[in-house]
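Chain and residue survey
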Amino acid sequence: MIKKDVIIVGGGAAGFFAAINIAEQNPKLSVAILERGKEGLGKVKVSGGGRCNVTHAEFMPQELVLNYPRGEKELLGPFHQFMTGDTIEWFEKRGIELKIEEDGRMFPVSNSSQTIINCFLQEAKKHKVDIYYNYSVISFKTDNEFWEIETSKENFITEKLVVATGSNTKIWKLLEHLGHSISPPVPSLFTFNIKDERIKDIPGVVASNVEIKVIDTDLYSEGPLLITHWGMSAPAILKLSAFGALELAKRNYKFQIEINFIRKSFGNCLDILKVLKQDLAKKTVYKSAQFEMPKRLWQQLILASHMDIETRWADMNKMQLEALANQLTKAIFYVDGKSTFKEEFVTAGGIDLKEVNFKTFESKLYKNLYFAGEVLNIDAVTGGFNFQNAWTSGFIVAKHISK
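Attention in this report is confined to the structure presented alongside it. Worth saying up front: this structure is predicted, and the values here are computed from it rather than measured. (Residues numbered from 1 in each chain as written. Predicted model: local features only at pLDDT ≥ 70, side-chain atom pairs only at ≥ 80, totals over all residues. Heavy atoms only, no water.)

Brief notes about the packing of aromatic side chains
The line we're drawing: Ring pairs shown here join Phe, Tyr and Trp side chains whose ring centres sit within 6.5 Å, with only the six-membered ring taken for Trp; geometry is labelled stacked below 30 degrees between planes, edge-to-face above 60, and tilted in between. Exposure is judged per residue with a 1.4 Å probe applied to protein chains only, and the accessible area is read against the type maximum: over 50% gives exposed, under 20% gives buried, and values in between give partly exposed. Put simply, DSSP H or I for four residues or longer makes a helix, DSSP E for two residues or longer makes a strand, and each gets a number counted from the N terminus. Placement of a positive charge over a ring is assigned whenever Lys NZ or Arg CZ falls within 6 Å of the ring centre and within 35 degrees of the normal to the ring plane.
Scanning all chains against the criterion turns up 25 aromatic pairs. On the basis of an interplanar angle of 40° and a centroid distance of 6.1 Å, the ring pair of Phe 190 and Phe 192 is categorised as tilted. Taken as a pair, Phe 190 and Phe 192 share a single burial class, namely buried. Considering the side-chain rings of Phe 387 and Trp 391, the 5.4 Å spacing of their centres and the 15° angle between planes classify their relative orientation as stacked. Here Phe 387 pairs with Trp 391, and both are found in helix H14 (residues 385-402), just four residues apart, close to one helical turn. As far as the burial class goes, Phe 387 and Trp 391 line up, both buried. Taken together, the ring pairs connect Phe 16, Phe 17, Phe 82, Trp 90, Phe 91, Phe 120, Phe 387, Trp 391 and Phe 395 into an aromatic cluster. It is Arg 94 that lies over the ring of Trp 90; its NZ or CZ is 3.8 Å from the centre.

Here we look at the sheet that holds strand E11 (residues 190-193)
Strands pair in a sheet through their backbones, by hydrogen bonds, and they do so in one of two ways: parallel or antiparallel. Defined as follows: Any two strands with at least two DSSP bridges between them are considered paired. Structural elements are reduced to axes, namely lines fitted to C-alpha atoms, with helices fitted over the stretch in contact, and the angle between N-to-C directions of any two is expressed from 0 to 180 degrees.
Strand order in this open sheet of seven strands is E16-E15-E12-E13-E14-E11-E17, and the pairing throughout is antiparallel. Only two strands of the sheet have a single neighbouring strand rather than two, namely strand E16 (331-336) and strand E17 (338-340). Direction aside, neighbouring strands of the sheet carry axes that sit 40° apart on average. Note: strand E12 (residues 206-214) against strand E15 (residues 254-260), four bridges, orientation antiparallel. Bridged to Lys 213 within E15 is Glu 258.

Side note on the packing of helix H12 (residues 295-303) against helix H13 (residues 318-329)
To keep things clear, this is the line we draw: For classification purposes, an angle smaller than 35 degrees is called roughly parallel, one larger than 145 roughly antiparallel, one from 65 to 115 roughly perpendicular, and anything else oblique. The handedness criterion is simple: a crossing whose near helix is rotated anticlockwise from the far helix by less than a right angle is left-handed, and one whose near helix is rotated clockwise is right-handed. Every residue pair with non-hydrogen atoms within 4.5 Å of one another is taken to be in contact. In this classification, the charged set is Asp, Glu, Lys and Arg, the nonpolar set is Ala, Val, Leu, Ile, Met, Phe, Trp, Tyr, Cys and Pro, and all remaining amino acids, among them Gly, are polar.
Where H12 meets H13, the axes come as close as 9 Å, and the angle between the chain directions of the two elements is 135°. Our classification of the angle between H12 and H13 gives oblique. Along this stretch, H12 crosses H13, giving a crossing that reads as right-handed. Residue-level inspection shows Trp 298, Leu 301 and Ile 302 of H12 in contact with H13, the latter providing Leu 324, Gln 327 and Leu 328. Grouping the constituent residues of the contact of H12 with H13 by class yields five nonpolar, one polar and no charged.

Here we look at helix H11 (residues 266-279)
Formally: What a helix is expected to span follows from its residue count: subtract one and scale by 1.5 Å. Along the arc lie the directions from the helix axis toward the C-beta atoms.
For H11, with 14 residues, the first-to-last C-alpha span of 20 Å sits near the 20 Å given by 1.5 Å per residue. Considered for burial, the residues of H11 that qualify are Cys 269, Leu 270, Leu 273, Leu 276 and Lys 277. Down the axis of H11, the smallest arc covering the buried residues is 120°, so these residues share one side. Facing away from the buried side of H11 by more than 90 degrees, the exposed set consists of Gln 278 and Asp 279. Contacts from the buried residues of H11 go to H13.

Some details on the pattern of salt bridges
To be explicit about the condition: Put simply, a salt bridge is a Lys or Arg side-chain nitrogen that is within 4 Å of an Asp or Glu carboxyl oxygen.
Enumeration according to the criterion identifies 23 salt bridges in this entry. Note that Glu 101 and Arg 105 form a salt bridge whose closest N and O atoms lie 3.8 Å from each other. Using a relative accessible area of 24% as the deciding quantity, one classes Arg 105 as partly exposed. A salt bridge links Asp 315 to Arg 312; the nearest nitrogen and oxygen atoms lie 3.3 Å apart. Here the salt bridges do not stand alone but share partners, grouping Arg 51, Lys 99, Glu 101, Asp 103 and Arg 105 into one network.

Regarding helix H4 (residues 72-81)
Given 3.6 residues per helical turn, the α-helix brings residues three or four places apart onto the same face. Among all positions in H4, only Leu 75, Pro 78 and Phe 79 are buried. Around the axis of H4, the buried residues are gathered within 105° of arc, so they sit on the same side. When the buried face of H4 is taken as reference, the exposed residues oriented beyond 90 degrees from it are Lys 73 and His 80. Considering only its buried residues, H4 is in contact with helix H3 (61-64) and H14.

Next comes the structure, spelled out in C-alpha cells:
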C-alpha cells in the first residue's frame, strides 16, 4: 500500500491546480494525483478550440457569480478569496501572460492550451507531485483517521482526500455510497436543433444582438445568435441552455422559442416600417435590409412575410407590414433536440451544495474529504467561468490542507 499525505483523485484542471498549490505552500507534504486516463488535463487541451479559455475578464465577485446557473450563491465567498485577478497573477508569476479578447474571454498570449498544460506539468514536477496515470479508482473508505483508496493497480492510504473528477458518474456513485446526495447529471452547454425554412440555407449568418425567450417559461437570454447547419448556437443560445438545463431536459429538448431580432417592440417596429414604406417607396423590400440585420437573414424573413423578391416598399399592404414586424420582433421557432457545443462537455449535476463547507470546500459529512471543480453541482455559461470555478476551489482546498 502506498502512503501519501494528500491524494487528489482526478488529473484535470481543478486536480492539478489543487495539487500544485498544496505542494508549493507546504513542501513537507507528500502529494499525489490519481488519473484514470493515460494523460490528464483533457478539458484544458480542447477548451476554447485548443487555445484554453483560462478565465474571464470580470473582476467583481458579485458580477462574476451571475454566470453560474448552479453555484451563484455558494461561490460569492470563495471568489472573495481567489478571484480572476488572482488567476491572472498566478499564471503571470509562472511566465504565462494572458490576453483579453473583445467578449471578455481570456487566453494565453501563445493561443495554445499546451502552454497551460506544460506549465502544470512543470510545476507538478518542480514541487514533487507524483502523478499516477492509468490508475482508475474502484473504491474509497475511511476509518475517520485515514482514507483508503483502492485502484485498478495498487491501493493507497492518505490522511487528506481531494475529489476532483468532474462529472464522472462512477465517482459520484462512490460518493453516494458514502452518504452524499448527488443531483443527477444533465447537459448544460448545448446548441439547439431547429429545422426551419427561414434558416435552412443561411448557415454562418450571425445576428449580433437578439433577445430570446423559451415560450411558457421564465427563461430569457440576449446576445449574439449564430445560425448553423443544424439550427442555432452562440452566446444567446448557450446562456439559455445553461440556465434552462433542468427545465429543457424535462421537456426532452422539445420546446418553442420566440426571437426578437431587432430588440424593438412590435408596435415600434411597425411604426418604423410605415415610415420606410414612404421613404423607400420605389425600392424592393427584399434588397433593402434594415435594422442592421444580416442581408441573408432579412431576405428569409421577407419571404416568410408573404412577399416575393419583387415586392416594393410602396406596394406593401397592412397584412405584409404586420407579418414582417412579427418576424422581426416575435419570430417563433420550434426546437427539436440538442447538439453538444464543440468539445466543451459541461454538465449540471454533482454533489449537493448543502453538503459542502464553502469556506474550505470540505465535506460536511466527512472530515478530510474535499471537493474541487465540477464534481460539485456547479456549472457556468461558456467563457472561461467553469475554469475559474476550478482554480478557485482548487486554491482554497490547497490553502486549507497546506496549513
